[in-house]
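Secondary and tertiary structure notes
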Amino acid sequence: MAIAESFSRRFFGYVHGNNLIYNACWEDPRLDREALQLSSSDRLMMITSAGCNALDYLLAGAGSVHCVDMNPRQNALLELKAAGIRRLEFDDFFRMFGLGRWESAPFAYRELLRSELSPVSRRYWDRHIDFFSGEGRRRSFYFRGATGYFAWLMNVYIDRVARLRPCVDAILAASELDEQRAIYEELRPRLWRGFVRWLLRRDATLALLGVPRLQRQQLERDHKGGIARFIEDSVESVFTRLSLADNYFWRVYLTGSYSPACCPEYLKAENFERLRAGLLDRLSIHTTSVCQFLEQQSEPLTRFVLLDHMDWLGQHDQPLLARQWEALLRSAAPGARVLWRSGGLRCDHVDRLNVQWHGRRQRLGELLRYHGDWAERLHAADRVHTYGSFYIADVNHN
């Protein structure tokens with residue numbers, strides 16, 4: 001067991017230390033918009049991921065958005081998107097980031113985009129701008145990076161093994177939930193074969209999806225049937241209970257591209273122009289840890305989006321997680337709000353953290369005011385539906 005856990009940790013570290021992991025955000029910003037209730041007075045800190053949601057928060061009215069990520073490749077992706085908004089025409093921008101392939105991308109990069117990037121990001125895209133060229137077996141950018149590689153394998157399975165492409169195309173084109181359900185019932189037995197369930201239990205597979213071991217352990221403990229059954233149940237919910245008409249998260253990984261009618265907000269022409277007209281100036285990008293960023297803040301922050309960071313640090317470094325929350329509490333303005341997600345059905349290790357606050361040790365749960373019912377209602381409508389739980393908490397400075 002110790003050997004397996006050591007190998008799992010090393011493989012996860014290799015994947016996440018040497019690759020672009022997320023080529024698209026896998027958190028539904030529709031939930032976040034309602035929970036954050038953004039205004040021009042809000043200073044928001046978030047983990048960059050693929051940068052899609054950072055642009056969404058600017059469009060939703062945030063006064064400033066600070067993107068923080070230790071992986072410079074994730075920040076390089078957001079920098080490239082920002083450069084594209086500033087220097088490309090919308091149709092070309094959509095070919096690049098909407099369709100995920102544009103044969104002129106390498107030329108446009110050299111002539112228009114490269115000069116807009118930081119030196120670190122230039123070095124990355126100098127080597128990898130061909131991700132967008134449409135060449136090779138993985139023709140779409142959305143089949144690149146760690147999660148993209150998994151998406152590509154999933155499509156190979158759908159097309160060549162299960163031979164489900166007609167069903168997938170039909171379910172994405174369905175106009176009503178009843179039609180979606182009927183198609184899903186047809187494809188279910190051919191999709192969920194024993195090999196697929198076995199694959200979804202492997203740490204190597206989950207590492208490609210950015211799922212740390214703690215998330216797997218939480219689901220093995222709390223969800224009947226473990227993580228493989230949780231994923232199967234999540235997919236069933238997406239395809240039988242929620243409309244796919246605007247579910248761009250699943251569309252892009254099932255087809256390799258967005259469509260003009262089903263895409264993130266930043267890929268819509270009117271929003272592209274709004275970002276270009278000045279909203280993008282409110283964005284700043286920081287390649288550092290969340291803790292280091294927070295400890296350097298002199299101005300209060302009003303909103304925090306931590307993705308599933310509690311699971312990552314909860315697995316690897318509880319003392320650092322406590323230190324990070326201490327820095328967050330110090331940098332939080334009165335009434336500040338924090339959002340995070342968890343792969344587990346519960347994230348109770350957060351409340352049990354002991355933090356130093358006002359000169360004494362306190363349980364973190366005593367310093368947060370949760371909006372549990374609100375979070376559960378929003379979580380039920382999550383178009384991604386792969387997280388086990390969603391949290392909305394206000395910082396209680398009293």
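Just so it is clear, the structure is predicted and the values come from calculations on it, not from any experiment.

1. What to know about the nonpolar core
- The biggest cluster of nonpolar side chains holds 133 residues, and the ones touching the most others in it are Trp125, Trp325 and Trp340.
- Discounting chain neighbours no more than four positions away, the residues touching Trp325 are Leu306, Met310, Val338, Trp340, Val350, Leu353, Val355, Leu364 and Leu368.

2. Structural notes on the environment of Ala24
- By the element assignment, Ala24 lies in the loop between helix H1 (2–18) and helix H2 (29–36).
- Using a relative accessible area of 4% as the deciding quantity, one classes Ala24 as buried.
- As for Ala24 and Phe249, which are separated by 225 residues in sequence, their C-alpha atoms are 8.1 Å apart.

3. Overview of the confidence of the model for the chain
- The predicted model of the chain averages 91 in pLDDT, with 90% of residues at 70 or higher.
- Segment residues 1–8 is flagged for pLDDT under 50; beyond a separation of four residues in sequence, or across chains, it makes four contacts in the model.
- Taken as a whole, residues 10–16 scores under 50 in pLDDT and shows 18 contacts with residues more than four places along the chain or in a different chain.

4. Let's talk about helix H9 (residues 165–173)
- What H9 keeps buried is the set Arg165, Cys167, Val168, Ile171 and Leu172. One face of H9 carries all of its buried residues, which in axial projection span an arc of 160 degrees. Turned more than 90 degrees from where H9 packs its buried face, Pro166 and Ala173 sit exposed.
- Its buried side turned inward, H9 meets helix H8 (145–161), helix H10 (177–191), helix H14 (226–241) and helix H15 (248–255).

5. Let's talk about the environment of Arg276
- Inspection of the secondary structure assignment puts Arg276 in helix H16 (residues 269–276).
- For the pair Arg276 and Arg86, spaced 190 residues apart in sequence, the C-alpha separation works out to 5.8 Å.

6. A word on the pairing of strand S5 (residues 332–342)
- Most of S5 is tucked away: nine of the eleven residues are buried.
- Two strands pair when backbone bridges link them, and strand S4 (residues 301–305) and S5 are joined in this way by four bridges, in the parallel orientation. Residue pairing in the sheet places Arg303 in a bridge with Arg337 of S5.
- Pairing between S5 and strand S9 (residues 389–395): six bridges, direction antiparallel. Residue Leu339 lies in a different strand from S9, and its bridge partner there is Ile392.

7. Things to note about the packing of H2 against helix H20 (residues 372–380)
- Packing of H2 against H20 brings their axes to within 9 Å, and their N-to-C directions diverge by 155 degrees. Put simply, H2 runs roughly antiparallel to H20. Relative to H20, H2 is oriented so that their crossing is right-handed. The residues of H20 that touch H2, namely those facing Leu31, Glu34 and Ala35, are Trp374, Arg377, Leu378 and His379.
- Residue classes in the contact of H2 with H20 are distributed as four nonpolar, one polar and two charged.

8. What about the sheet that holds strand S3 (residues 283–286)?
- Across the sheet, which stays open at both edges, the seven strands sit in the order S3-S2-S1-S4-S5-S9-S8 with mixed pairing between neighbours. Across the chains shown, the open sheet's two edge strands, defined by having one partner strand only, are S3 and strand S8 (368–370). Put simply, the sheet's adjacent strands are angled 20 degrees from each other on average, direction ignored.
- One ladder, built from three bridges, connects strand S1 (residues 43–47) with S4; its direction is parallel. Across the sheet, the residue bridging to Met46 is Val305, located in S4.
- Contacts between helix H4 (residues 72–87) and the sheet are confined to strand S2 (64–68) and S3, with S3 contributing the most and set at about 155 degrees to the helix.

9. Thoughts on unusual backbone geometry
- In this structure, Ser49 takes a positive phi of about 55 degrees despite not being glycine.
- Of note, Arg163 is a non-glycine position whose phi angle comes to about 55 degrees, a positive value.
- With respect to the helices, strands and loops of the structure, Arg163 is situated in the loop between H8 and H9.
- Residue classification places Arg163 among the exposed positions, given a relative accessible area of 57%.

10. A short note on the pattern of salt bridges
- Enumeration according to the criterion identifies 23 salt bridges in this entry.
- Here Asp28 makes a salt bridge to Arg383, at a shortest N to O gap of 2.6 Å. Placement of the pair is Asp28 in the loop between H1 and H2 and Arg383 in the loop between H20 and S9, with a sequence separation of 355 residues.
- Here the residues in one salt-bridge network are Asp28, Arg30, Asp246 and Arg383, joined through shared partners.

Cut-offs used in this document
Residues numbered from 1 in each chain as written. Predicted model: local features only at pLDDT ≥ 70, side-chain atom pairs only at ≥ 80, totals over all residues. Heavy atoms only, no water. Core = buried A, V, L, I, M, F, W, Y, C linked by side-chain atoms within 4.5 Å. Buried < 20%, exposed > 50% of the residue type's maximum accessible area, 1.4 Å probe, protein only. Contact = heavy atoms within 4.5 Å. Helix = DSSP H or I, 4+ residues; strand = E, 2+ residues; numbered from the N terminus. pLDDT = per-residue confidence, 0-100. Arc of directions from axis to C-beta. Pairing = 2+ DSSP bridges. Axes fitted to C-alpha atoms, helices over the stretch in contact; angles between N-to-C directions. Parallel < 35°, antiparallel > 145°, perpendicular 65-115°, else oblique. Left-handed = near helix turned anticlockwise from the far one by under 90°. Nonpolar A, V, L, I, M, F, W, Y, C, P; charged D, E, K, R; others polar. Salt bridge = Lys/Arg side-chain N within 4 Å of Asp/Glu carboxyl O.

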